[in-house]
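# A structural walkthrough
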Amino acid sequence: MISAGTAGSVIAARLSENPAFSVLVIEAGSSNQNILAAEVPFLGSSLSPNTTVTWNYTTTPQIGLNNRSIPYPRGYVLGGSSTINFEIWTRGSIDDYNRFVDVTCDPGWSWDEMFHYMKKSEHLVPPTDNRSVFGEVDPSIHGKKGPVQVSLGGFKLDCEFPYNVDMNSGYPLGLGWVQNSMSSKGFRSSSATAYLAPAMERDNLDVLIQTRVTKLVAVSQENGVPTFGQVEVAQTATEVILSGGTINTPQLLQLSGVGDSALLASLNITTILDLGDVGKNLSDHPFLANHWLVNSTSMFEKVSRNATLTADLLAQWNATGTGLFSDPGANQISWKRLPSNSSIFQQYPDPSAGPASAHYELLPVNGFVSFVESTPATGFFMSVVTNIASPLSRGSVTLASSDPFDNPIINPALLESPFDIYVMVEAIKSAKRFVEAPAWKGYIIQALGALNSTIDEDLAEYARNSASTVFHPVRTARMTSYSNQDGVVNPDLLVKGSSGLRIVDASVLPYIPAAHPQACVYALAERAADLIKAAWS
């Protein structure tokens, strides 16, 4: 196993259930243990970017962001990005998964077939405040015995919004209560804590940390098909499973001679397997935080400006696992679609998976949040984050050189498509209408900066200047059908044209789900574990 990230930890734990299997996990990053911010849900935002638990990547200048380069953190720690993410647990829509079937011709990737794996990965637990959650979640569609603990926020913020009872039903449109990967005791639940840690006592599982794989080695070749059975730090008798994630997986493939032969030749890398799609088709969710000055002091700024209060809240969390620090910070999400008669559809096809999938997301937050701007020194704020859930833009991950220690060239092409900037402007206008509702009278004081404009062109420019990413890259080693010459892996996740090499991470998703994708990746990994077990039974 290369990498103990979100998917990799699942595979390691599930395969080592069989004592006949010997599993070696090689992780470049450090242990997740004794990292306070990786335990306290509210402190999750301090884990990235530019910390010791991220790869500290930076994008190329983004055309759609007025040529700004932005940080692009990925988890560099046991648990990968599940250790540093914002813990939001959304599966996506029934259409997302059924489109996977359309692409792969494998009905095993359908919503109905994957629903078992969604439930298998999770354990719905009460919130930290032990309140009744009747009407806030549908327990019948959730797992009760899985490793990842999933809960509603345990510190209710001031919100009065209509909601969809449970957005994880496959029909997420509307506004619903946020489910998070956290325990009833107020701790983050990551793949490292939920899957890997309980399996660490098994004799057939070994985990190397702070060990970087720089190359996959083809140990033999028969009839033009390379068999991968070795990496530079280990040799395997059966199979190499690559779970490096959407950035590191294509980087390692290309370093190993698997990718576009023209690119590899330009870097003096011998082509082992010519797969032109490696590193292509990168999709990500553009993120924009929109801010309003509010008539309240019960906002996150009250905490960030008061060291004594911060210490008191941390002490409360340490003692009881409750209070503000037991909550990642958002209570609701709204998923919305453009009207079917929107003018943009006369120029561009609808990139969403279907009528149950969102085009954009609204995420209200009880404070000033931004990956671009610093919090103002005075005033109290509410943010409504607008994310594009079904982007049309496509980017890439390519090698900068043949040196494995050089960061790859990451171009997510955020807001590059005119369709995406159109959706972002519509999402901004939707957020503005949302806060203009009578329920907010006396609470909202004013919008900040260019958000006050009513001109679409001004809002588009504002988005280009202020947007970043919500860190959901997928598709750089996408899965296609067995008969399709494009793509990187087959429906069984084996790399096309090879033997002994399988990829299990978000890079294989054929399309980006209209969701925060961690729940999808856990389900993907659960099915992958069954596929691998069946292949070697």
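Here, every reference points to the structure presented above.
What you see is a predicted model; the values in this text were computed from it and never measured.

Once that is clear, we can look at the overall build of the protein chain. Along its length, the protein chain carries 11 helices and 23 strands. By the compact-globule yardstick of 24 Å for 537 residues, the protein chain fits well, its C-alpha radius of gyration being 22 Å. Dimensions of the protein chain, computed from the C-alpha atoms along their principal axes, are close to 75 × 55 × 40 Å. In the protein chain, which comprises 537 residues, the share counted as buried stands at 61%. Nonlocal contacts in the protein chain, meaning residues at least 24 apart in sequence, comprise 74% of its contacts between residues at least 6 apart. Carbon and sulfur atoms provide 51% of the accessible area of the protein chain, an area that totals close to 20200 Å². Of the side-chain charges in the protein chain, 33 are positive and 48 negative, and the distance between the mean point of each set is 3 Å.

This part covers the pattern of salt bridges. Opposite charge on two side chains allows them to pair when their charged atoms are near. Enumeration according to the criterion identifies 17 salt bridges in this entry. With its nearest N and O atoms 2.9 Å apart, the salt bridge here joins lysine 533 to glutamate 17. One end of the pair, lysine 533, is in helix H11 (residues 518-535); the other, glutamate 17, is in the loop between helix H1 (6-15) and strand S1 (23-26), and 516 residues separate them in sequence. The closest approach of N and O atoms between lysine 120 and glutamate 526, which form a salt bridge, is 3.8 Å. Within this pair, whereas lysine 120 is found in helix H3 (residues 111-121), its partner glutamate 526 is found in helix H11, the two being separated by 406 residues in sequence. Taking the relative accessible area as the measure of exposure, glutamate 526 reaches 0% and is therefore buried.

What follows deals with empty space enclosed by the protein. Taken as a whole and assessed by the stated rule, the structure comprises 5 cavities of 30 Å³ or more. Reported here for the largest cavity is a volume of approximately 790 Å³. Forming the boundary of the largest cavity are 49 residues, of which Arg74, Gly75, Ser81, Gly244 and Gly245 lie nearest the centre. For the lining of the largest cavity, the secondary-structure elements that each account for two or more residues are H1, helix H5 (245-255) and H11.

A few words now on the side chain of serine 390. Among the secondary structure elements, serine 390 is positioned in the loop between strand S18 (381-388) and strand S19 (396-398). The buried category is assigned to serine 390, whose relative accessible area is 5%. Here serine 390 is in contact with Pro351, Ser352, Ala358, His359, Phe419 and Ala514, once residues within four sequence places are set aside.

A word on unusual backbone geometry. Of the consecutive residues serine 48 and proline 49, the connecting peptide bond is found in the cis state with omega at -10°. Structurally, the position occupied by proline 49 is in the loop between S1 and strand S2 (57-58). Phi is positive for asparagine 281, which is not a glycine, with a value near 65°. Its place among the elements puts asparagine 281 in the loop between strand S14 (273-274) and strand S15 (286-294).

Our next topic: the layout of surface pockets. Unoccupied space between atoms shows up once a probe the size of one water molecule is rolled over them. Taken as a whole, the largest pocket holds about 800 Å³ of empty space. Lining the largest pocket we find 36 residues, and of these Ser45, Phe300, Pro328, Phe368 and Val369 sit closest to its centre. At the level of elements, helix H7 (300-304), strand S17 (360-365) and S18 are the ones that each hand at least two residues to the lining of the largest pocket. No other element matches H7, which puts 4 residues into the lining of the largest pocket. Classifying every residue of the lining of the largest pocket gives 20 nonpolar, 13 polar and 3 charged.

Evaluated as defined, the whole model comprises 18 aromatic pairs. Among the aromatic residues, those joined into a cluster by ring pairs are Phe86, Phe287, Phe371 and Phe471. Over the aromatic face of phenylalanine 380 sits the side chain of arginine 305, whose NZ or CZ is 5.3 Å from the ring centroid.

Right, let's talk about the sheet that holds strand S4 (residues 122-124) for a bit. As a general point, the strands of a sheet are linked pairwise by backbone hydrogen bonds and lie either parallel or antiparallel. Read from one edge of the open sheet, 3 strands run S4-S5-S7, paired in mixed fashion. The strands lining the two open edges of the sheet, one partner per strand, are S4 and strand S7 (179-180). With 2 bridges connecting them, strand S5 (residues 148-152) and S7 associate as antiparallel partners. By the bridge assignment, leucine 152 is partnered in S7 with glutamine 179.

For the rest of this paragraph, the subject is the nonpolar core. Counting residues in hydrophobic clusters, the biggest one holds 74 residues, and the most contacted among them are Ile11, Leu216, Leu253, Leu493 and Ile503. Among the elements that take part in this core, H11 stands out by supplying 10 residues, more than any other. Dropping the residues within four chain positions of it, leucine 253 is found in contact with Leu216, Leu242, Val258, Val278, Val488, Leu501 and Ile503. Residues Leu288, Val294, Phe419 and Ile428 belong to the second largest nonpolar core, which totals 34 residues.

About the criteria used
- Residues numbered from 1 in each chain as written.
- Predicted model: local features only at pLDDT ≥ 70, side-chain atom pairs only at ≥ 80, totals over all residues.
- Heavy atoms only, no water.
- Helix = DSSP H or I, 4+ residues; strand = E, 2+ residues; numbered from the N terminus.
- Rg over C-alpha atoms; globule rule 2.2 N^0.38 Å.
- Buried < 20%, exposed > 50% of the residue type's maximum accessible area, 1.4 Å probe, protein only.
- Contact = heavy atoms within 4.5 Å.
- Areas by Shrake-Rupley, 256 points an atom, 1.4 Å probe, with all protein chains shown as cover.
- Lys, Arg positive; Asp, Glu negative; His and termini not counted.
- Charge placed at Lys NZ, Arg CZ, Asp CG, Glu CD.
- Salt bridge = Lys/Arg side-chain N within 4 Å of Asp/Glu carboxyl O.
- 1 Å grid on protein atoms, 1.4 Å probe; cavity = no way out; pocket = protein on both sides within 12 Å on 5 of 7 lines; lining within 4 Å.
- Points joined across faces, edges and corners; volume = space filled by probe spheres on them.
- Nonpolar A, V, L, I, M, F, W, Y, C, P; charged D, E, K, R; others polar.
- Phe/Tyr/Trp six-rings, centres within 6.5 Å; stacked < 30°, edge-to-face > 60°.
- Lys NZ or Arg CZ within 6 Å of the ring centre and 35° of its normal.
- Pairing = 2+ DSSP bridges.
- Core = buried A, V, L, I, M, F, W, Y, C linked by side-chain atoms within 4.5 Å.

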